[in-house]
Structure formats: structure tokens, C-alpha cells
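Understanding the architecture of this molecule
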Amino acid sequence: MSGSNIYKPEMMEITDIVQETSDTKTFRLKFKNESTAKSFSFKAGQFGEYGVFGEGESTFCIASSPTRSEYIECSFKQIGKVTTALTRLRVGDSVGFRGPYGNYFPVEEMKGKNVVFIAGGIGLAPVRCVIWNTLDLRNDFKDVTIIYGARSFNDLVYKRELKEWKERKDIKTVVTVDPGGEVPDWDGEIGFVPAIVEKVAPKAENTVAIVCGPPIMIKFTIPVLQKLGFAEENIITTLENRMKCGLGKCGRCNVGNVYVCKDGPVFTYAQMKELPQEY
Amino acid sequence: MEEKIISLDNLSFFVNDLIKDNHIVIGQDSKEINWKRITGAKDIVVNSKNIPSNISYKEFVFAKTEPIIYYKNKKDEFDIVEPALPRQKLVFLGAKPCDARSIEIMSKVFNWDYKDKFFNERAEGSIVIGVACNYQDKFCFCTSVGLSPVTEKGSDLFLVPLDEKNFALQIVTERGKEFIQPYQKYLSDGNQAKSKEILSKIKNPEKRFETSKVSEWLTNNFEHKIFDNVGDICVGCGQCAFACPVCHCFDIVDEECDYSSGRRMKNWDACQFGLFTLHGSGHNPRETQGKRYRQRIAHKFKYYQDKFDEVLCTGCGRCSRGCPVGIDIAEVVAEINSLA
Ligand SMILES: Cc1cc2nc3c(=O)[nH]c(=O)nc-3n(C[C@H](O)[C@H](O)[C@H](O)COP(=O)(O)OP(=O)(O)OC[C@H]3O[C@@H](n4cnc5c(N)ncnc54)[C@H](O)[C@@H]3O)c2cc1C
Ligand code: SF4
Ligand code: SF4
Ligand code: FES
């Protein structure tokens with residue numbers, strides 16, 4: 001009748017740690033329980049609650065692709081209590097995990113279309129998930145463009161992968177840093193993401209744009225996409241409201257009558273426009 | 001509806017039997033006007049003339065604070081232990097119509113997709129014995145949200161005070177009928193004409209607003225100075241949410257923990273607190289008290305309705321009676337109604 005304890009985490013072990021920037025790390029995690037590991041599946045764009053006992057839980061997207069199911073990865077910025085506790089952990093340590101939660105990117109519907117990924121800062125984490133999902137099924141999609149920007153060179157995450165994507169001939173990758181954020185031998189673009197989007201975005205026809213990043217970047221990127229002719233239904237973004245339960249219970253994450261943790265975090269711009277301006 | 005009579009004396013015997021039969025009886029006693037577990041019939045008072053208790057009885061199904069897991073660290077391997085939940089059935093004795101539906105209303109959010117067993121295991125199978133309400137003050141507005149002082153909605157069994165010594169007992173639901181079966185000996189045949197007459201004499205609080213009108217106005221007026229005007233007065237203490245029979249927001253935090261053991265708790269929270277929606281980045285979608293007050297009103301009179309087809313308010317007036325700065329929710333919503 002009442003069933004299981006929905007707040008009970010599964011234990012995962014950290015199998016790898018990458019220091020992305022001075023304050024951002026990526027954890028690779030594996031379920032300790034074999035049968036959980038086997039039955040676990042998720043879709044690109046979903047998130048989880050990652051916990052450190054004694055400190056609490058934090059919400060991060062699953063940053064790895066569902067096409068690589070032996071592990072999950074999350075990237076987080078050290079910003080407060082739980083993220084500081086996570087930062088102290090080492091390979092072999094345990095992390096609690098609840099998830100996957102929320103809706104996901106419409107990867108199935110994107111097949112046969114061009115895709116442009118636009119990300120800023122740590123916003124590349126959820127986009128990376130769907131980028132790898134797309135690249136692992138590369139033949140199902142037409143042209144793929146990646147536009148990524150951060151405040152400075154030091155703030156770019158997934159540097160190894162950015163290099164790999166740049167070297168690939170079957171996709172177009174443009175990386176930019178804000179003016180003043182470049183280093184001496186910087187070979188990427190210099191400028192804010194919206195301006196770069198205007199310069200390098202593919203034509204809007206038969207193209208889906210996935211946009212994640214700080215609110216200010218999203219705010220200025222969407223008008224650019226609209227100017228380029230993207231329909232509101234083809235601009236897809238995520239909302240990141242403060243969450244606790246992730247289950248549509250605790251009442252914290254709503255925007256209007258929408259629970260971001262259940263009805264989101266993925267929304268088309270057409271859907272976002274219908275919501276009250278409270279995010 | 002089947003109707004019986006139960007005398008005050010028999011009500012005491014009935015309650016004693018319930019306790020003996022391993023039910024948890026939640027009621028009010030004569031000294032306090034708050035809810036507690038009753039240990040014997042000498043404690044009980046079922047009084048239709050009482051003011052609604054300061055806080056509702058929701059804490060017995062949605063605990064103020066409770067562990068959701070315990071953990072133990074054994075050589076870096078964590079053992080997670082699940083807290084045990086009570087197996088006994090809850091009986092709420094003497095619920096006013098503005099309390100009786102609270103579990104039903106909250107049950108929607110705790111079950112719309114994922115099921116919260118901490119709520120369900122207490123709520124499922126609980127029995128509500130309601131009582132017609134003969135109290136009224138300027139804060140009451142049950143009639144504005146589809147209830148009334150005499151409605152049996154939400155109750156399994158419903159008491160109507162007939163005289164100093166007797167209640168009519170209406171058997172409202174199948175569950176109520178089954179529940180009362182073993183205690184027939186305390187009941188005698190009822191007289192519906194008499195209870196009807198008594199109920200008809202109870203005065204309804206004036207209807208202050210139309211919920212459909214309010215909800216529609218809220219859809220079209222997300223930005224409006226009425227919210228800031230109230231927000232300027234509100235001190236964000238959260239009393240209103242804690243007293244409310246249907247507010248259900250909570251926090252999840254680790255408490256009393258060190259490296260070797262601890263527990264993760266689910267604690268009441270309130271949307272009137274500034275930290276409620278504060279992002280790690282420092283950004284806060286509801287950075288002013290006015291925006292937080294708007295959330296309170298819109299959640300109750302629009303969002304919950306949109307999503308779960310229920311108004312998230314029973315008109316009990318507790319939030320207004322207890323507000324330290326005199327904000328009266330019915331007044332605010334009535335003003336919205338007049339704008340619509
Ligand atoms: C769907 C979703 C996906 C997300 N994905 C990611 C992701 O992939 N990567 C990522 O990095 N983030 C992500 N986030 C954001 C992330 O959830 C938060 O940054 C994170 O939960 C912060 O947790 P914390 O416990 O470290 O911060 P908290 O401690 O909760 O910090 C919150 C606020 O309180 C302040 N504070 C902290 N401690 C104290 C104290 N002792 N006294 C006073 N003030 C204090 C902080 O300065 C901050 O302003 C996501 C969020 C959502 C909703
Ligand atoms: S009780 Fe009154 S002052 Fe306190 S949060 Fe509610 S409305 Fe604001
Ligand atoms: S909002 Fe106020 S009046 Fe309505 S049910 Fe809650 S406490 Fe009672
Ligand atoms: S995070 Fe708890 S309701 Fe969405």
C-alpha cells in the first residue's frame with residue numbers, strides 16, 4: 001500500500017574524481033549494490049539528490065550520458081554546506097544517491113534534426129549529458145554544433161572533452177571566454193555567449209537549440225535565437241530552483257502551478273513563457 | 001444517512017474501549033485547546049462551542065519533525081536503518097468541519113506520483129469523528145471555501161450535540177460504519193428530525209469570496225501591489241503555515257550526527273521564510289516578503305486547485321487569529337475578490 005521509503009538513498013562509491021576548475025569537481029559514481037546497478041536507468045536531463053551523511057543532500061543533474069550505463073557522473077561547484085563536504089571526499093568514499101528525478105530532454109524527437117547546444121559555466125553539466133547522448137548515436141542526428149562559454153579560461157569545465165569535441169570533424173565546437181578572461185595562447189573565441197551564438201549558430205530550420213547556463217546568459221541568448229528564426233518550441237532550457245525532496249512533495253521548487261522537480265527541470269521556451277516570472 | 005444517538009457517558013465508555021482496543025485516539029482535553037493523544041476518557045472534551053485549536057492536528061499524520069533514515073558508519077560502510085512507524089490506527093475525535101478534510105486534502109500532494117509512506121501509514125485507515133461547529137468569530141470563513149459549520153464532509157462519523165447530555169451520531173462513510181460496528185451497545189436509535197432542526201439553527205459565517213473568481217484573478221495578476229502591501233507588514237514568522245491544517249511544506253536536514261552515526265530528518269518548513277527558496281548562488285526567486293506572501297495565497301487559491309482540484313484552505317482562520325501583525329487571510333482574499 002504505502003510501499004517503500006522514497007527518501008532512502010542508495011549508496012554509491014566514488015570511482016574517479018576530476019578537478020575541473022578551482023571550485024568544481026566531477027565525480028564518477030558506481031552503485032554499491034549490484035542489482036541496483038543493473039536495474040538503474042535514466043534519461044538525459046534528469047537529476048538526483050546526492051548526499052553526504054551528517055551534512056545533507058544537494059541537487060545535481062546527471063552529467064554523464066545514459067548511453068554509458070556502467071556509472072553516473074555529476075559535476076558540482078563548491079558553494080555551500082553539502083558541496084563543501086562533497087569536495088573533501090576521495091576515491092573510494094561513499095555518497096548517497098536518490099534519483100533519477102524529473103523530466104528529460106526530448107532526445108527521441110530531436111533525431112533527424114540539427115542540434116545546437118549552448119551552455120555557460122557549470123551549465124555545461126546537463127548539456128554534456130545530452131551532448132554525449134547525441135554523439136554516441138551520432139548518425140541519428142544531422143548537424144551538431146556546440147557553443148560553450150565561461151567567464152575565464154580557468155572557469156571552463158570538461159577541458160579534455162572540449163578539446164576532443166573541437167578535434168572531431170563531424171561536429172562544430174566553439175568555445176568562448178568573456179573579454180579579459182582569455183590566457184596568452186587562447187585559440188578560442190572572446191566574447192559573451194549570446195554574441196557568439198549570433199555569429200556561429202546554424203540556421204533555424206529543422207534545428208533544436210538546447211540552452212543551459214546562468215539566468216543572465218539565458219535571458220540574452222533567447223532573443224538572439226528568436227531573431228535567427230528559432231520557434232519557441234525548439235528552444236529548450238532547464239530551470240534550477242532550490243530543491244529538497246525532488247519528488248513533488250516538499251513544496252519548495254514550484255514556479256506557479258509547476259513543480260520544477262517533477263514537471264521539469266526541462267522546459268521549452270514556449271512552456272517557460274507560460275509560467276509566472278518567478279525563477 | 002444512518003443516524004444514532006450516543007450519550008456523553010457512553011461516549012466516554014466508547015473512547016475507553018477504543019484505547020483498550022489499541023487505537024490511538026487524538027483529541028482535545030478540557031484544559032488545553034490543542035490536540036494530543038488521549039489516554040483515558042476522563043480527558044476528553046468534545047465541544048462544538050470551542051474556538052478552533054491554535055494549531056491543527058495535522059502533526060499526527062505529517063509530523064513536525066521526524067527521522068526518515070538513520071545511518072551508521074561501520075569502517076566506511078554505511079548502514080541505513082529505516083525508522084519504524086506506528087501500526088495502530090489513528091482516531092481523530094471532535095474534528096470541526098474545518099479540520100475534518102485536512103488529511104484528504106493533503107493526501108493529494110503526498111500521493112500524486114511518488115507515495116510518501118510517512119504520511120500514508122498514519123493517514124490510511126485513520127478515522128475522523130467530526131463534530132458540528134457552534135463557534136464563530138470574525139476570522140472564520142469555511143463557507144467561502146466550500147465547507148460549512150455543519151458539513152459532515154471529511155468525517156467518517158459526525159456528532160451533532162442534541163442537548164447537554166446527548167449527541168446525534170451520523171454514520172457518514174462505509175469506513176465509519178465498519179468502525180462503529182463493535183461498539184453498537186453504546187448507541188441508541190436516532191431522531192433525524194431533531195438533529196436537522198439543531199443544525200439548521202447554526203448560523204453560517206458570511207461568504208466572503210468566490211474561489212473560482214479568485215483563482216482566475218490570480219492567473220491574470222501575478223504582479224500586483226496587493227501582495228507587496230501585505231508583504232510590507234508580514235514579519236515572515238511562519239506561524240500561519242505551522243498552524244494551518246493543510247500547509248505541508250518541509251525541509252530535509254541531517255541532525256544529531258557525527259561521522260559514526262546520525263539521522264536525516266523531515267521538518268516542517270514555511271514558504272514565508274526568506275531562506276526557503278534561496279539558491280546556493282545567492283539568487284532568490286522570491287527575494288521579498290511580498291513575493292513570498294503571493295506564493296502563500298496563490299498556492300492555496302490557485303496552484304493547488306490547478307494541480308489537485310482542491311482549495312488548499314479550509315477557512316479555519318487559524319493563520320489570522322495567530323498572526324502577530326494582524327494579517328487576516330480572508331480579508332486579503334476578499335479584497336482580491338473585489339478586484340476580480
Ligand atoms: C535540477 C538542478 C540541477 C542542478 N545541477 C547542478 C549541477 O549539475 N552542478 C552544480 O554545481 N549545481 C547544480 N545545481 C545547484 C545545486 O543544487 C546547488 O548549488 C547546491 O545544492 C548547493 O548546495 P550546498 O549545500 O553546498 O549549498 P547550501 O549550503 O545550501 O548553500 C545555500 C546558501 O546558503 C549559504 N550558506 C551555506 N552555508 C551557510 C552557513 N553556514 N551560514 C550561512 N549561510 C550559508 C550559501 O552561501 C548559499 O547562499 C542544480 C540545481 C537544480 C535544482
Ligand atoms: S503569521 Fe502573519 S507575520 Fe507570520 S508569516 Fe504568516 S502572515 Fe507573516
Ligand atoms: S490558510 Fe489559514 S484559514 Fe486557511 S486552512 Fe490554513 S490556517 Fe486555516
Ligand atoms: S523539490 Fe520538493 S517539491 Fe520539488
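Residues numbered from 1 in each chain as written. Chains lettered and ligands numbered in written order. Predicted model: local features only at pLDDT ≥ 70, side-chain atom pairs only at ≥ 80, totals over all residues. Heavy atoms only, no water.

Some words on the site of ligand 2
- By nearness alone, every residue bordering ligand 2 is listed as B:C234, B:V235, B:G236, B:C237, B:G238, B:Q239, B:C240, B:Q272, B:C323, B:P324, B:V325 and B:I327.
- Spatially, ligand 2 is embedded in the largest cavity. (Near = heavy atom within 4 Å. 1 Å grid on protein atoms, 1.4 Å probe; cavity = no way out; pocket = protein on both sides within 12 Å on 5 of 7 lines; lining within 4 Å. Sits in = over half its atoms within 2 Å of the grid points.)

Considerations on the layout of surface pockets
Residue and element names in this part refer to chain B.
- Taken as a whole, the second largest pocket holds about 410 Å³ of empty space.
- Lining of the second largest pocket is provided by 22 residues; of these, V46, S48, P161, D163 and F167 occupy positions nearest its centre.
- Secondary-structure elements contributing two or more residues to the lining of the second largest pocket are α1 (8–20), β8 (157–161) and α6 (192–201).
- Residue composition of the lining of the second largest pocket, by class: 14 nonpolar, 4 polar and 4 charged. (Points joined across faces, edges and corners; volume = space filled by probe spheres on them. Helix = DSSP H or I, 4+ residues; strand = E, 2+ residues; numbered from the N terminus. Nonpolar A, V, L, I, M, F, W, Y, C, P; charged D, E, K, R; others polar.)

Here we look at the confidence of the model for chain B
- In the predicted model, chain B carries a mean pLDDT of 93, and 99% of its residues have values of at least 70.
- Confidence estimates for the predicted assembly give a pTM of 0.93 and an ipTM of 0.92. (pLDDT = per-residue confidence, 0-100.)

Side note on the sheet that holds strand β11 (residues 250–255) of chain B
All names here are of chain B.
- Spatially, β5-β4-β12-β11 is the arrangement adopted by the 4 strands of the open sheet, whose pairing is antiparallel. What marks the edges here is a single partner per strand, and that holds for β5 (77–81) and β11. On average, each strand axis in the sheet is inclined to that of its neighbour by 20 degrees, with strand direction left out of account.
- Here 7 bridges tie strand β4 (residues 65–74) to strand β12 (residues 261–268), and the two strands are oriented antiparallel to one another. Counted as the bridge partner of Y70 is R263 from β12. (Pairing = 2+ DSSP bridges. Axes fitted to C-alpha atoms, helices over the stretch in contact; angles between N-to-C directions.)

Regarding empty space enclosed by the protein
Residues and elements named next belong to chain B.
- Summed over the entire model, instances satisfying the criterion amount to 7 cavities of 30 Å³ or more.
- As a volume, the largest cavity reaches approximately 150 Å³.
- For the largest cavity, the lining is made up of 18 residues, of which C234, C240, Y293, C323 and I327 are closest to its centre.
- Of all elements in the fold, only α9 (239–243), α10 (289–308) and α11 (318–322) reach the threshold of two or more residues within the lining of the largest cavity.
- If you go around the second largest cavity, you meet 16 residues; those closest to its centre are A241, C247, H248, C249 and C271.
- Breaking the lining of the second largest cavity down by element, the ones donating at least two residues are α9 and α10.
- For the lining of the second largest cavity, the element with the highest residue contribution is α10, accounting for 4 residues.

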